[in-house]
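Results of the structural survey
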Amino acid sequence: MKEKYAPHEIEAKWQQHWADTKAFSTEVNRQRPEYYVLEMFPYPSGNLHMGHVRNYSIGDVVARFKSMQGYNVLHPMGWDAFGMPAENAAIKHGIHPASWTWDNIANMRRQQQQLGLSYDWDREVATCHPDYYKWTQWLFQLFYERGLAYKKKAAVNWCNDCNTVLANEQVVNGQCWRCDSIVVKKELEQWFFKITEYADRLLADLSELKGWPERVKTMQENWIGRSEGAEFSFDVPELNEKIAVYTTRHDTVFGVTYLVLAPEHRLVEKLIAGKSTEQAVRQFVERIRNMSEVSRTSTETEKEGLFTGAYAVNPFTGAQVPIWVANYVLVDYGTGAVMGVPAHDERDWQFSTKYSLAKKVVIQPNDKQLQLDQMTGAYDGSGVMVDSGDFSGLSNEQGKLKIAEWLEQQGIGKRRVNYRLRDWLVSRQRYWGAPIPMIYCDQCGVVPVPHKDLPVKLPENVDFTSGSVSPLAQVEEFVNCSCPKCGGKARRETDTMDTFIDSSWYYLRYTSPQSLTEAFDAAKANYWMPVDQYIGGIEHAILHLLYSRFFTKVLKDAGLVNVNEPFKNLLTQGMVIKDGAKMSKSKGNVVSPEEIVGKYGADTARLFILFAAPPERDLEWSEQGVEGAFRFLNRLWRIVDHFAPSLGTLEEINQEALSKSERELRRVLHTSIKKVTEDIGERFNFNTAISAIMELVNAMYAFKEQQQPITSALAHEVISSLLRLLAPFAPHIAEELWHETIGENSVHKQPWPAFDAEAIKVAEVEIVLQINGKVRDKLLIPVGIDAAELEKKALEQDKVKALIEDKQIVKVICVPQKLVNIVVK
């Protein structure tokens, strides 16, 4: 062995060896249990950040550990490579998105390889490669054929100066990111996926996901937002129209004192026509329409509204109620109209107080009487219905049932299940995405591109200066085509797909990435799927995970996969923070992974980031922590070098023949094996697993300091087990030391060590001796002696005898294996 630890030399050597030998290549092997571990693939922005390093290091520990446990492990990597940043770079730097993206991929792949990650690089995918997006297009058409893709008008962000559609991310404080012009809403024909058709299954099947964090499942439940309520209408006599509302609180309908419409509601223009409110409402509507849905529904946003000047009739009371428009009502959620019940809804209370609208109590709590003039907020709890006609006196829960029945009997309403979830808008008016594979013919209508003509490739001669709905619309040779049905003149769709579509099925492509005839080989997908362990940030807890679940269910219904859910277990790792904030260029607190790897080596970077905090918690960056990890690896190198000359062959160890010091070392060894195995395999407590390895190294140093010889078989067992325990965390140094000492094959191809229960048993234990509750001495005793024997040994100690001389013993308290407390006076 070399005297000093040289991380850069050994890491480069082993990375090259693993690449040359395809050490982590995987194929279907039905003789071994399969295990699919996957980290969320990155957007190729140019450089890895510490969040990436943490994500990939966690996945690599799991992959290497499971492989050593005998599993056939699939551990792939790829690139979520389409998206707006590449197009922005094209505009800003005059470089083609493809060149920018592929250069970034090459750089980030190099950085990942420098970390020694055990990826099967033969399975690498990039969503911007035609061999990948061909099948993204094929899947779009599968959804279309199954009635799950359709086109309708929808509001988009529009910049009049640039004459183009903007993504939500391109709208900054209501202005265009390019020219600072005010962004407006515009109705355009857009493609949608009918995810709402799967809402019930997406909700119900969350119960299958036992290995998901509860908070992620709750976030998905809230996003889907299933509610049971009633729908009925308010008459608008002056227009001979009706305004439908949906509510889950139909027990409060007798307390309605106003209606609120979304500014985009179809009746707003009719309601204000010719009234004094017309101009003010129209200006208000225009302003609110251009707000994002996020800001309109945020609890931080002040609720604003205007009276239209019109009234509706409450079908339950016959009373006229004013009709308002407000910023917090969305046209495509529910019916686009909301009934206002200020006494029993806090938002309505605040709105009605602000605009001096009437309030009426119709639910009284069981234990007291509410008086409006004494209320400071809405009462939204349960109770008894009052001032509610024939329903008065019922509990509000009984009232809900009776009112729903009455609505249906009268033919003026119905029970209804509603969802917060809306259909997925998948059109993007951008170049750098998968072209939507549809053609428009004046004779034949909408016609899918024939499967044999996929992929519809992105043209390269594109002008990225602004001025059209999509850069693709400027490329005449792309737009103009022949109709596949009639052969006549036709036009291609110039929108591209939302990049969430690309990432909604990539885990399936990894199972057979070279397939030229299908999106994925069903037999291979069914062998590997579902992903056993998925790892990524909490920011993807809703959309990416929900869309992937949706895709999997559609593909199962189409007979292409057997699984109902894509990800069996989910780990959402915390952020890497520095100086109390998430690392970001704007805060000037970024630490470059390359800088750390360049100074200390990849094993140090990995060890620190896995040791500093449990994976699901935020990790505070610490230079001292990094240096501590590096010192530990140097210390490890030296102790292995010390034990190496004593190594013998692997043979069965006779525990009884070992010296007392050897038995203690072996006890720590097997205690460490047990803890590391449980901490990785059962809890993902990598920090405590590493701590156990450190304790083993400390025990080795303690043995060294005793300057006693070590049995060659025990030296072999200690070194062999230590390096195998370390291998998932610090793969390069473990590999190097393995070859310098044990020398057989690769440490990563060795079986995971098993602990010996007999070796863990302790022969003696140290207990505390107390007098009147104060520690006075310590005593080594055999494990398992009874209380009487323990008391006798304690009282025989010279120090105890001296301290209790001439004192009366009141009682002796014995806690086996822990302490003896002698009470004297």
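As annotated in an unreviewed UniProt entry, the chain carries the name Leucine--tRNA ligase and is attributed to Anaerospora hongkongensis. Quoted verbatim from the Catalytic activity (unreviewed entry) field of UniProt, the annotation for the chain is "tRNA(Leu) + L-leucine + ATP = L-leucyl-tRNA(Leu) + AMP + diphosphate". Reading the Sequence similarities (unreviewed entry) entry of the UniProt record for the chain gives the comment "Belongs to the class-I aminoacyl-tRNA synthetase family."

With that settled, consider the overall build of the chain. For the chain, the helix and strand inventory stands at 27 helices and 34 strands. Considered along the principal axes of its C-alpha atoms, the chain spans approximately 105 × 80 × 50 Å. Put simply, the chain has 825 residues, and 52% of those count as buried. Sequence-distant contacts, at least 24 apart, represent 72% of the contacts inside the chain between residues at least 6 apart.

This model, assessed by the stated rule, comprises 44 salt bridges. Between E758 and K761 there is a salt bridge whose closest N-O contact spans 3.0 Å. Its relative accessible area of 54% is what places K761 among the exposed residues. Each of K674, K675, E678, D679, E682 and R683 takes part in a single network of salt bridges with overlapping partners.

Pairing is antiparallel in the open sheet, where four strands are placed in the order 22-21-24-23. Each edge of the open sheet is held by one strand with a lone partner, namely strand 22 (445-448) and strand 23 (480-482). Taking the axes of each pair of neighbouring strands and ignoring which way they run, one obtains an average angle of 40° across the sheet. By the bridge criterion, four bridges tie strand 21 (residues 438-441) to strand 22 in an arrangement that is antiparallel. Bridged to C441 within strand 22 is G445.

Quick look at the state of the cysteines now. Taken as a whole, this structure holds zero disulfides when the rule is applied. There is no disulfide at C176, and the cysteine sulfur nearest it, in C159, is 3.9 Å away. Judged by relative accessible area, which is 1%, C176 ranks as buried.

Once that is clear, we can look at the domain arrangement of the chain. For the chain, the domain assignment lists domain 1 (138-201 + 423-497), domain 2 (226-419), domain 3 (623-749) and domain 4 (764-824). Summarising the inter-unit geometry, the C-alpha centres of domain 1 and domain 3 are found 59 Å apart.

Turning our attention to unusual backbone geometry. If a residue is not glycine, its phi is most likely negative; likewise, a peptide bond is most likely trans. Looking along the chain, the bond that leaves L454 and enters P455 is cis, with omega of 5°. Cis peptide bonds are those with omega within 30 degrees of zero, and the linkage from M529 to P530 qualifies with 0°. Secondary-structure assignment places P530 in the loop between helix 16 (522-528) and strand 26 (533-537). At K22, a position not held by glycine, the phi torsion is positive, near 50°. With respect to the helices, strands and loops of the structure, K22 is situated in the loop between helix 1 (7-20) and strand 1 (34-39). A positive phi angle, near 55°, is found at N772, a position not held by glycine. By the secondary structure assignment, N772 is in the loop between strand 31 (764-771) and strand 32 (774-782).

This part is about the nonpolar core. Across soluble globular proteins, you tend to see nonpolar side chains buried next to one another. Residues F193, Y507, F550, F551, F729 and I733 are the most contacted members of the largest nonpolar core, which totals 180 residues. Looking at this core, you find at least three residues from each of domain 1 (138-201 + 423-497) and domain 3 (623-749). Apart from residues lying up to four places away in sequence, F551 is in contact with L139, F143, F193, W424, I501, S504, W505 and Y507.

Our next topic: the packing of aromatic side chains. Within the structure shown, the criterion is met by 51 aromatic pairs. Relative to Y119, the ring of Y56 lies with its centre 6.5 Å away and its plane at 80°, an arrangement referred to as edge-to-face. Here Y56 is found in helix 2 (residues 50-68), whereas its partner Y119 is found in the loop between helix 4 (97-114) and strand 4 (125-126), with 63 residues between them in sequence. With respect to class, Y56 is no different from Y119; both count as buried. Ring centres 4.5 Å apart and planes at 25° place the aromatic pair Y132 and W505 in the stacked group.

Between its first and last C-alpha atoms helix 2 spans 27 Å; for 19 residues at 1.5 Å apiece the expected length is 27 Å, and the two agree. Following helix 2 by one or two positions, G70 adopts a phi angle in the positive range, close to 105°.

Walk down a regular strand and you will see the side chains alternate between the two sheet faces. Counting buried positions over the seven residues of strand 11 (residues 241-247) gives five, a clear majority of the element. Examined bridge by bridge, strand 10 (residues 227-236) and strand 11 share seven bridges and lie antiparallel to one another. By the bridge assignment, S233 is partnered in strand 11 with A244. The loop that links strand 10 with its antiparallel partner strand 11 comprises four residues; one of these, N240, has a positive phi angle of about 55°.

Turning to the environment of V172, a few remarks are in order. For V172, the position within the fold is in strand 7 (residues 171-172). Since its relative accessible area comes to 44%, V172 is described here as partly exposed. Residues V172 and E221, 49 residues apart in the sequence, show an inter-C-alpha distance of 29 Å.

With respect to the helices and strands, the residue H748 is situated in the loop between helix 24 (731-741) and helix 25 (757-760). On the basis of relative accessible area, H748 is assigned to the buried category, the value being 6%. A polar contact is formed between the side chain of H748 and the side chain of R64, at a distance of 3.1 Å. A distance of 3.2 Å separates the side chain of H748 from the backbone oxygen of P731, its partner in a polar contact. For H748, the residues in contact, after removing those within four places along its chain, are W18, R64, S67, M68, A727, P731 and E735.

For the pair helix 20 (residues 623-643) and helix 23 (residues 712-726), interaxial distance at closest approach is 11 Å and the crossing angle is 155°. When the axis of helix 20 is compared with that of helix 23, the two are roughly antiparallel. The interaxial crossing formed by helix 20 with helix 23 has left-handed handedness. Contact residues: helix 20 offers L636, V640 and F643, while helix 23 offers I719, L722 and L726. Partitioned by chemical class, the residues of the contact of helix 20 with helix 23 number six nonpolar, no polar and no charged.

Each value, and the rule that gives it
- Residues numbered from 1 in each chain as written.
- Predicted model: local features only at pLDDT ≥ 70, side-chain atom pairs only at ≥ 80, totals over all residues.
- Heavy atoms only, no water.
- UniProt positions renumbered as here; feature names shortened; annotations may be inferred.
- Helix = DSSP H or I, 4+ residues; strand = E, 2+ residues; numbered from the N terminus.
- Buried < 20%, exposed > 50% of the residue type's maximum accessible area, 1.4 Å probe, protein only.
- Contact = heavy atoms within 4.5 Å.
- Salt bridge = Lys/Arg side-chain N within 4 Å of Asp/Glu carboxyl O.
- Pairing = 2+ DSSP bridges.
- Axes fitted to C-alpha atoms, helices over the stretch in contact; angles between N-to-C directions.
- Disulfide = S-S within 2.5 Å.
- Domains from an automatic or database assignment.
- Core = buried A, V, L, I, M, F, W, Y, C linked by side-chain atoms within 4.5 Å.
- Phe/Tyr/Trp six-rings, centres within 6.5 Å; stacked < 30°, edge-to-face > 60°.
- Expected span 1.5 Å × (residues − 1).
- Polar contact = N/O pair within 3.5 Å; in protein donor to acceptor, adjacent residues only side chain to side chain.
- Parallel < 35°, antiparallel > 145°, perpendicular 65-115°, else oblique.
- Left-handed = near helix turned anticlockwise from the far one by under 90°.
- Nonpolar A, V, L, I, M, F, W, Y, C, P; charged D, E, K, R; others polar.

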